[in-house]
Every structure is written in C-alpha cells, then in structure tokens.
Amino acid sequence: MTALEPRPHTVGVLLAGGVGRRIGLDTPKQLVEIAGRTIIEHTLTVFQDAPEIDEILVLMTPGYTEDVERLVAAGEFTKVSAVIEGGASRTETTWRALRALEKRAGRECDVLLHDAVRPLLEPRIITGCVEALRTHQAVEVAIPTSDTIVVVERRPDGEVVREVPDRAALRRVQTPQGFRLAVIREAYERAFADPGFADRPPTDDCGVVLRYLPDVPIHVVPGSEHNLKVTHPVDVLIAERLFQLAAYGRALRGRTVVVFGDNVAVAELAERHGAVVFSFPATAARVEDPRSVADALAHAAKESGGVDYVVSAAEPPPTGTLGETDGAVLAEALGVAQLGPVNVARAALPYLRERRGHLLFHTASPYGTLRSVERAAVVALTQALAEEWAADGVRVSCLAPEPATEAPSREDVARAALDVLVSGLSGRVTTVRAGRTGT
C-alpha cells in the first residue's frame, strides 16, 4: 500500500456574500444572532477549532467587511487571513476567493468552500473532506433524501410530473465542497470562457467541476441532517433549538446532576442529554432535614465521583390564606420552602466548590401571601449566595414561575432549568411562563 503524501495546506473559505431578504432582513443573514452569537461567529468557531484547517478566508457582503473584521478580532479567530468583499453571485464570490488564494505565489493548497450560513457543521465532516482530498481532487458533502423527488414539465396550465427518479440514487447537497486549488481554478477558468455560462450557471461549485471537468470524479462525503442552511425564518428557530440541544450535550454529558423534589421532567431531560442523574423526591429526602439532604448528596457523590449540578425544587404543601392556614401546615410549608433551600445550599457547597458547579433553586408559583413570601426569600438567597460563592467558582441561580392564566408545563420548566444550568451565568432570577422564559 502506497503511503499518503503529507497533508497539504488547507484553507477554509467561508462564502458569506448573501443578504437575508428571505428571512425578512435588509442586513446579511450571517450577522443574525442565534444562541447568543452571530451565525458567522458560530461558523468561524467550527473552522477555527478544526485541527485540519490551517487558514480561513472570509468572503463577505460588500459594505460589511469591517463588521466581520471586528468580530474576528474580538473572537480571536487567529486562522483568519483576510476578510474580502464577495461578488454579486455565488460563482463570482467563489472566483474572488480563488483569485485571492492564487496570489500566494508558489503555494498549492486544498480548499473547502463552505456556506457561512451553515453554522451547525459537524467537525467530523471537515475531517472527512480533508481526508478525502488526500486521494481525490474534488469532494461533495451530501445526504440521502427521505422524500420522493419528481421531475416536472411546465405546461401552459401548470406543472405535470414527467419522471420519478429512484430515490436510492438521490442525494441532498450540502457544504463544504472541497477541491485541489488547481482543479477548481481550472474549472472556473473554463466556465468564464464559456459564453453560455452566465445564462445557465450551476447552483454550486461541484456543478462547475462536473460541467467543465467531467473527467474529474467528485467523491461524496456523508453530511448531516443538522447541517442546515439558514435561509428562511423557520430555519432561524430550528438552528436556535439545535444549538440549545448541542449546548445541553456539551455541558451535561458525563456530569452528575442531583435533583431534590418531584420535578421528574428536569431529571429525565438531563438524563436524555447524557447526565448521571440522582433524583430525590420528598419520599426519599426531606429538604427541611439537614441530615437527610447531606446523606442524599453524599450518596450521589460516592456513586458518581462528584456532583456538578444541584437542583433544589422541593415544593411545599398547598396552603390557604395566612389567616386560615393551620400552624402545623404553615410550619411544614415554611420548612420546605425557606429552610429547605438553605439546607440544600449548605450541604451542596463542598461538592460544587470542587467541581465549580451550579446550584439552581426552583420556586413555586407565587399564588397567595405565603407563596409570595417564600419566593421572595429564595430570590434573596440566590442573589446573596451568588455573590458570596463567586470566589469559589460556584454559580447560583433561581427559576421563578410567574402567575399566569396558562401555567408552564413541566417540559417548559425542565427546558428552562437546563438553559440556566448550562448558561454559565450566576445570580440570575429567570422567570418562566408557558412557552417562554425571561430574565
């Protein structure tokens, strides 16, 4: 077996020349924020972190190069060699990138051309493309289609189906698309020499190679359903959700979560994202009893090796008005709602300090005088502990449902809880209503 040549210099080219008109914007969609960062920052991060990528070149919408340069400087994207203006079309933008690369005299390279508005690109796809280019001159990222595709014929009264191709041979194309620089440059030189090219331009760069260098095989690298292109408004929502799920996995996989109370949804959701979960409902650990809380945490730490996240969500028994509530019921409610969070915090601190973890309080909905008092006490405790424990690297937050006609579902609360836990923020009181949260 012949040994492979050393891997050539590899450049990731981010094609960011479009404007977000289809998502209702007059500014480039690459600058839309998703999950706290612009789309192009997410995409830059993937290429910056990829060990196979040696250099990044950004082609940006004319008039916005300085915006991207500021993001590059602030984000310390050290692999970015230049941010230059794109062209009026996809093919012109690619050609500008190729000309910029050509100016590096005497240096051949491999090129990965990627849509900047595909921010959910998985690192393994970059790896697959770079490895494929060691034995192939062109690669295309694609995934099987789950839908039946039809070929239509246009008629005066509308379209009719002319052919139903075999779905097994069909693929949906994504990016990056990879090439030896000399190959993609020659394909474009032939394309621009063709008088008919402008009237019928291919929709992607592999299409240019296929038309003008038909003897060059294009190798297919498996893509991903998550590698979506943010084009329409719904794509922004989908991408936001996918980033959220990815954040859950990164923050929770292999970590230990301890939940006090009967909020099963939080425990189940954390477990689905790879966490080791210990759930202690009221029947297993009484939060108003310091010894019971300490024993529960000690058991979780012994079984898993430590504790990363603690959720204090024990709910006090229902009460009436202050005047009509029995003294014993009142004492029990205050014990769970006010003494319970204190007990959980005291017992959790040694474990959370060791792992630089996060404590999340979850208050009951503030219906009535007692619930309002309980909520106010937990909110005050959250803010005081966040300041007190900051030097230890321990974060403290509070999830506080708001009174509303429609109460938030357990799933709404669970997602809001995980959002807070993985956020890295401390001292925040986050409200949650049906379908939405706020700080």
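Further up the page is the structure itself.
Now for a look at the structure at hand.

Reading the values: rules and limits
Sequence order as written defines the numbering, with residues in each chain counted from 1. Whole-chain, interface and lining totals are the exception, using all residues; otherwise, since this is a predicted model, local features are given only for residues with pLDDT of at least 70 and side-chain atom pairs are given and counted only at 80 or more. To get the side-chain values, take all heavy atoms of the structure and skip hydrogens and water. In this analysis, strands are considered paired if DSSP registers two or more bridges between them. Comment: elements are numbered from the N terminus, with helices defined as DSSP H or I runs of at least four residues and strands as E runs of at least two. The rule is simple: take the accessible area with a 1.4 Å probe, protein chains only, and divide by the maximum for that residue type; under 20% is buried, over 50% is exposed, in between is partly exposed. Any Lys or Arg side-chain nitrogen located within 4 Å of an Asp or Glu carboxyl oxygen qualifies as a salt bridge. A residue counts toward a patch only above 30% relative accessible area and without a salt bridge, and it is joined to like-charged neighbours within 9 Å or, for Val, Leu, Ile, Met, Phe, Trp and Tyr, to nonpolar neighbours within 5 Å. Shrake-Rupley sampling with a 1.4 Å probe provides the accessible areas, and residues are treated as covered by the protein chains on show and by no other component. To obtain an axis, a line is fitted to C-alpha atoms, over the contacting stretch when the element is a helix, and the angle between two such axes runs from 0 to 180 degrees between their N-to-C directions. To sort the angles, those under 35 degrees are grouped as roughly parallel, those over 145 as roughly antiparallel, those from 65 to 115 as roughly perpendicular, and the leftovers as oblique. By definition, any crossing whose near helix is turned counterclockwise from its far helix by less than a right angle is left-handed, and any crossing with a clockwise turn is right-handed. Residue contacts follow a heavy-atom distance rule, with two residues in contact if any of their heavy atoms lie within 4.5 Å. Residues are grouped as follows: nonpolar covers Ala, Val, Leu, Ile, Met, Phe, Trp, Tyr, Cys and Pro; charged covers Asp, Glu, Lys and Arg; every other residue, Gly included, is treated as polar.

1. Some words on the pairing of strand 8 (residues 151–155)
Note: strand 8 against strand 9 (residues 158–163), five bridges, orientation antiparallel. When the sheet's bridge partners are listed, Val152 is paired in strand 9 with Val161. In sequence, strand 8 turns back onto strand 9 through a hairpin of two residues.

2. Quick notes on the environment of Ile143
Position of Ile143 relative to the elements: it lies in strand 7 (residues 138–144). Here Ile143 falls in the buried class, since its relative accessible area comes to 5%. Between the alpha carbons of Ile143 and Arg171 there is a distance of 5.3 Å; along the sequence they are 28 residues apart.

3. As for the pattern of salt bridges
Here the structure, examined in full by the defined rule, presents 18 salt bridges. Notably, a salt bridge pairs Arg291 with Asp295, separated by 3.7 Å at the nearest N-O pair. In this pair, Arg291 and Asp295 are both assigned in helix 9 (residues 290–304), four residues apart and thus about one turn of the helix distant. A residue is classified by how much of its surface remains accessible, and Asp295, at 43% relative accessible area, is partly exposed. It is possible to trace a salt-bridge network through shared partners that takes in Arg90, Asp115, Arg118 and Asp205.

4. A few points about a nonpolar patch on the surface
Taken together, the side chains of Val150, Val152, Val161 and Val164 make up a nonpolar region of the molecular surface, amounting to roughly 320 Å² of accessible area. With respect to the helices and strands, the residue Val150 is situated in the loop between strand 7 and strand 8. For Val150, a relative accessible area of 39% puts it in the partly exposed group.

5. Some remarks on the packing of helix 7 (residues 233–252) against helix 12 (residues 410–422)
Between helix 7 and helix 12, whose axes approach to 10 Å, the crossing angle comes to 60 degrees. Considered as vectors, helix 7 and helix 12 are oriented oblique to each other. Here helix 7 and helix 12 pass one another in a crossing that is left-handed. Residues Arg241, Gln244, Ala247, Tyr248, Ala251 and Leu252 of helix 7 form the contact with helix 12, whose own contacting residues are Arg415, Leu418, Asp419 and Val422. Residues belonging to the contact of helix 7 with helix 12 are distributed by class as follows: six nonpolar, one polar and three charged.

6. Some remarks on the sheet that holds strand 1 (residues 10–16)
Either a parallel or an antiparallel arrangement is found when strands of a sheet pair, and the pairing is made through backbone hydrogen bonds. Pairing in this open sheet of seven strands is mixed, and the strands run 5-4-1-6-10-7-11 from one edge to the other. Among the strands making up the open sheet, the edge pair consists of strand 5 (80–85) and strand 11 (219–222). Neighbour-to-neighbour, the strand axes of the sheet open up by a mean angle of 25 degrees, direction not taken into account. Across five bridges, strand 4 (residues 55–60) lies against strand 5 in parallel orientation. Paired with Ile56 across the two strands is Val80, which belongs to strand 5. Across the face of the sheet, helix 1 (residues 39–49) comes into contact with strand 1, strand 4, strand 5 and strand 6 (110–115) while running at roughly 160 degrees to strand 4.

7. Concerning unusual backbone geometry
Backbone phi values are negative for most residues with the exception of glycine, while trans is the configuration of most peptide bonds. The step from Thr175 to Pro176 runs through a cis peptide bond, and the omega angle for that step is 15 degrees. Positive phi, close to 55 degrees, is recorded for Glu76, a residue that is not glycine. Located in the positive-phi region is Arg356, a residue other than glycine, with phi close to 50 degrees. Along the chain, the position of Arg356 falls in the loop between helix 10 (327–355) and strand 15 (358–362).

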